[in-house]
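Below, each chain spelled out in residue letters.
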Amino acid sequence: MYDCIIIGKGPAGISSALYIKRAGFNCLVIGKDGGNLVKNELIQNYYGIEEISGEELLLKGIKQIEKLGVEVITDEVIEIEYNNSFTVKTINNIYNSKTIILATGNTRKTLNINGIKEFEGKGISYCAVCDGFFYKNKEVAVIGNGEYAINEVKHLLPIVKKVTLLTNGKELKNKNSEINIDTREIKQFLGETRLQEIEFKDNEKLKVDGVFIAIGTATSTDLAQKLGVLIKENKIAVNDKMQTNINGLYAAGDCIGGLLQISKAVYEGAKAGLSVVEYLKG
Ligand SMILES: Cc1cc2nc3c(=O)[nH]c(=O)nc-3n(C[C@H](O)[C@H](O)[C@H](O)COP(=O)(O)OP(=O)(O)OC[C@H]3O[C@@H](n4cnc5c(N)ncnc54)[C@H](O)[C@@H]3O)c2cc1C
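Visitor: Could you clarify how one ought to interpret the nonpolar core in this entry?
Guide: Within soluble globular proteins, side chains that are nonpolar generally end up buried alongside one another. Ranked by size, the top nonpolar core spans 53 residues in total, and within it Ile5, Ile20, Ile80 and Leu102 carry the most contacts. Ranked by the residues each element gives to this core, the list is headed by helix H7 (residues 262–281), at six residues. With sequence-adjacent residues up to four places away left out, Ile80 is seen in contact with Ile7, Phe86, Thr87, Val88, Leu102, Leu223 and Leu227. Formed by 17 residues, the second largest nonpolar core is a distinct cluster that contains Ile113, Ile116, Phe119 and Ile213.

Given below as structure tokens:
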């Protein structure tokens, strides 16, 4: 029986493990992949580090907690059950724990179009606030047809040379005359090592330096919902100790919403870790 199982090996999960392990409790970190952190091509806004890639920061974090003796495994959690303690089912195993921290990040919706995966972090981004700066005076496109997409366009307008909103065959939900709109369906994304062009289904092409996907924010709340956790606006609801409405179940980072940045995920992970320690001490 673990004292705590942390689901997610991103900044929130790793930060919480640091506090739990250093307080003398054992914990297991389970993560299915690099989460949103590895989609960060270049991070330039984290305290004390001038420049680092998401992948490097992720590996540094994992190394730091492994050095303390925390077990970090790659697996996907498919279910959590609660009966005074928690049972965590993954694709490969079943684990038991006294407490859980959900640090599963924010699963953004993507598109099933050729080239998307290939150019993620190489011209395809999911966050105008994070990456818009890298496209100063360049030509970009935003893909989406809702308010979220329009917001991303508005964020990019003062930074980039030109921004086109691509609705990919969908109707724009809220017409906006200030925005350059193209409704054609997209066939594929093309480029050598980075994204260079978008090809439409009519075989015409649009040259772009970058594309921002903004087709909505998918829930990362499925695991929590099954346990009866309170969800507000599609995010896991927590109190000021990062505790959900279920005893012993905490959440931190992008999965609880708010500012989707590493600094906030690290802060909340620390807070959740300290709350778990307090809970375990009774
Ligand atoms: C393109 C891009 C650029 C960005 N640039 C910046 C930037 O410059 N600066 C900045 O501060 N922030 C940036 N961000 C935001 C930053 O990456 C996130 O805020 C941060 O990673 C959130 O940390 P987290 O720990 O909450 O989630 P994540 O880092 O997303 O980690 C979530 C973890 O949960 C795991 N997980 C999810 N579901 C399961 C499951 N069922 N079973 C097991 N594991 C699961 C994932 O595998 C992953 O390990 C950017 C984001 C993107 C997408």
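Visitor: Is there a simple way to think about empty space enclosed by the protein in this case?
Guide: Take a probe with the size of a water molecule and roll it over the atoms, and the empty space left behind shows itself. By the definition in use, this model includes one cavity of 30 Å³ or more. By volume, the largest cavity is sized at about 40 Å³. As for the largest cavity, its lining consists of Glu139, Val140, Lys162, Thr164, Leu206, Lys207 and Val208. Put simply, the parts of the chain that give the lining of the largest cavity at least two residues each are strand E8 (139–143), strand E9 (162–166) and strand E13 (205–207). For the lining of the largest cavity, the per-class residue count stands at three nonpolar, one polar and three charged.

Visitor: Is there a simple way to explain unusual backbone geometry in this structure?
Guide: The phi torsion of most residues other than glycine is negative, and most of the peptide bonds are trans. Although it is not a glycine, Asn203 sits at a positive phi angle of roughly 75°. Tracing the chain through its elements places Asn203 in the loop between strand E12 (195–200) and E13. According to the relative accessible area criterion, Asn203 is partly exposed, its value standing at 48%. For Met242, which is not glycine, the phi torsion reads 70° and is therefore positive. Of note, Met242 is situated in the loop between strand E16 (235–236) and strand E17 (249–251).

Visitor: So what exactly am I meant to see when it comes to the site of the ligand here?
Guide: Of all residues adjacent to the ligand, which total 32 residues, the nearest are Asp33, Asn36, Asn45, Val77 and Ile262. The contact in question runs from a nitrogen atom of the ligand to an N or O atom on the side chain of Asn40, over 3.1 Å. Here the ligand has 1,000 Å² of accessible area as a free molecule, and 96% of this is covered by the chains. Grouping the constituent residues of the shell around the ligand by class yields 11 nonpolar, 12 polar and nine charged.

Visitor: How should I be thinking about the layout of surface pockets in this particular structure?
Guide: Estimates place the volume of the second largest pocket at around 330 Å³. Forming the walls of the second largest pocket are 19 residues, and the residues nearest its centre are Ile14, Leu57, Lys60, Gly61 and Gln64. Looking at the lining of the second largest pocket residue by residue, the class counts come to 12 nonpolar, four polar and three charged.

Visitor: Got a minute to help me understand the packing of helix H1 (residues 11–22) against helix H2 (residues 54–68) in this structure?
Guide: Two quantities define a packed helix pair, namely the angle between the axes and the distance from one axis to the other. Between H1 and H2, the shortest axis-to-axis distance is 10 Å and the interhelical angle comes to 15°. On the basis of their axis angle, the class for H1 and H2 is roughly parallel. As H1 packs across H2, the resulting crossing turns out to be left-handed. Taken together, the residues of H2 that come into contact with H1 (itself represented by Ile14, Ala17, Leu18, Lys21 and Arg22) are Gly61, Ile62, Gln64, Ile65 and Leu68.

Visitor: Please clarify how the pattern of salt bridges should be interpreted in this entry.
Guide: A side chain of one charge can pair with a side chain of the opposite charge if their charged atoms are brought near each other. By the definition in use, this model includes 14 salt bridges. Put simply, Lys32 and Asp33 hold a salt bridge, and the shortest N to O gap is 3.5 Å. We note a salt bridge from Glu139 to Lys161, for which the minimum N-O separation is 3.9 Å. Here Glu139, found in strand E8, pairs with Lys161, found in the loop between helix H5 (147–156) and E9; they are 22 residues apart in sequence, far enough to count as distant. Residue class for Glu139 comes out partly exposed when judged on its relative accessible area of 28%. Salt bridges linked by common partners bring Asp182, Arg184, Asp202 and Glu204 together as one network.

Visitor: Is there a simple way to think about the pairing of strand E14 (residues 210–213) in this case?
Guide: Consecutive side chains of a regular strand alternate in pointing toward one face of the sheet and then the other. Residue alternation in E14 divides its side chains into two sets, Gly210 and Phe212 and Val211 and Ile213, and both sets are buried. In terms of strand pairing, strand E7 (residues 124–125) meets E14 through two bridges, oriented parallel. Looking at E14, one finds that Ile124 is bridged to Val211. Alignment of E8 against E14, held across four bridges, turns out to be parallel. The residue of E14 that forms the bridge with Ile143 is Ile213.

Visitor: Could you clarify how one ought to interpret the packing of aromatic side chains in this entry?
Guide: Note on aromatic pairs: each is described by the distance of the centres and the angle between the planes. The tally for this structure, following the rule as stated, stands at five aromatic pairs. Ring geometry for Phe133 versus Phe134: centroids 6.2 Å apart, planes at 70°, classification edge-to-face. Using a relative accessible area of 55% as the deciding quantity, one classes Phe133 as exposed. In this structure Phe134 comes out as partly exposed when scored by relative accessible area, which is 30%. Lying across the ring of Phe200, Arg184 places its NZ or CZ 4.0 Å from the centre.

Cut-offs and rules
- Sequence order as written defines the numbering, with residues in each chain counted from 1.
- pLDDT decides what is reported in this predicted model: residues at 70 or higher carry local features, side-chain atom pairs at 80 or more are listed and counted, and totals for whole chains, interfaces and linings draw on all residues regardless.
- As a rule here, side-chain values come from all non-hydrogen atoms in the structure, and water together with hydrogens is ignored.
- To define a nonpolar core, start from buried Ala, Val, Leu, Ile, Met, Phe, Trp, Tyr and Cys residues and group those joined through side-chain atoms within 4.5 Å.
- Exposure is judged per residue with a 1.4 Å probe applied to protein chains only, and the accessible area is read against the type maximum: over 50% gives exposed, under 20% gives buried, and values in between give partly exposed.
- Secondary structure follows DSSP: runs of H or I at least 4 residues long count as helices, runs of E at least 2 residues long count as strands, and numbering of each begins at the N terminus.
- Only heavy atoms matter for contacts: two residues are in contact if any of them lie within 4.5 Å across the pair.
- Using only the protein atoms, space was sampled on a 1 Å grid; points where a 1.4 Å probe fits but cannot get out form cavities, open sets with protein on both sides within 12 Å along at least five of seven lines form pockets, and lining residues are those with an atom within 4 Å of a point.
- Grid points are joined across faces, edges and corners, and a volume is the space filled by probe spheres set on the points.
- Charged residues are taken to be Asp, Glu, Lys and Arg, nonpolar residues to be Ala, Val, Leu, Ile, Met, Phe, Trp, Tyr, Cys and Pro, and polar residues to be all remaining types, Gly included.
- A cutoff of 4 Å decides nearness: a residue is near a molecule or strand if any of its heavy atoms lies inside that distance of it.
- Contacts described as polar in this section are N or O atom pairs within 3.5 Å, which, within protein, must combine one atom able to donate a hydrogen with one able to accept it, while residues neighboring in sequence count only if both atoms come from side chains.
- Only the protein chains shown count as cover for residues, and all accessible areas are computed by the Shrake-Rupley method using a 1.4 Å probe.
- With axes taken as lines fitted to C-alpha atoms, and helix axes fitted only over the stretch in contact, angles between N-to-C directions fall between 0 and 180 degrees.
- Note on angle classes: values under 35 degrees are labelled roughly parallel, values over 145 roughly antiparallel, values of 65 to 115 roughly perpendicular, and the remainder oblique.
- Should the near helix be turned anticlockwise from the far one by less than a right angle, the crossing is left-handed, and should it be turned clockwise, the crossing is right-handed.
- Each salt bridge in this description consists of a side-chain nitrogen of Lys or Arg and a carboxyl oxygen of Asp or Glu lying within 4 Å of one another.
- A pair of strands is treated as paired once DSSP finds two or more bridges between them.
- Here is the rule: rings of Phe, Tyr and Trp (six-membered ring for Trp) pair when centre to centre is within 6.5 Å. Planes less than 30 degrees apart are stacked, more than 60 are edge-to-face, and the remainder are tilted.
- Here, over-ring charges are defined by two tests on the NZ atom of lysine or the CZ atom of arginine: distance to the ring centre within 6 Å, and angle to the ring normal within 35 degrees.

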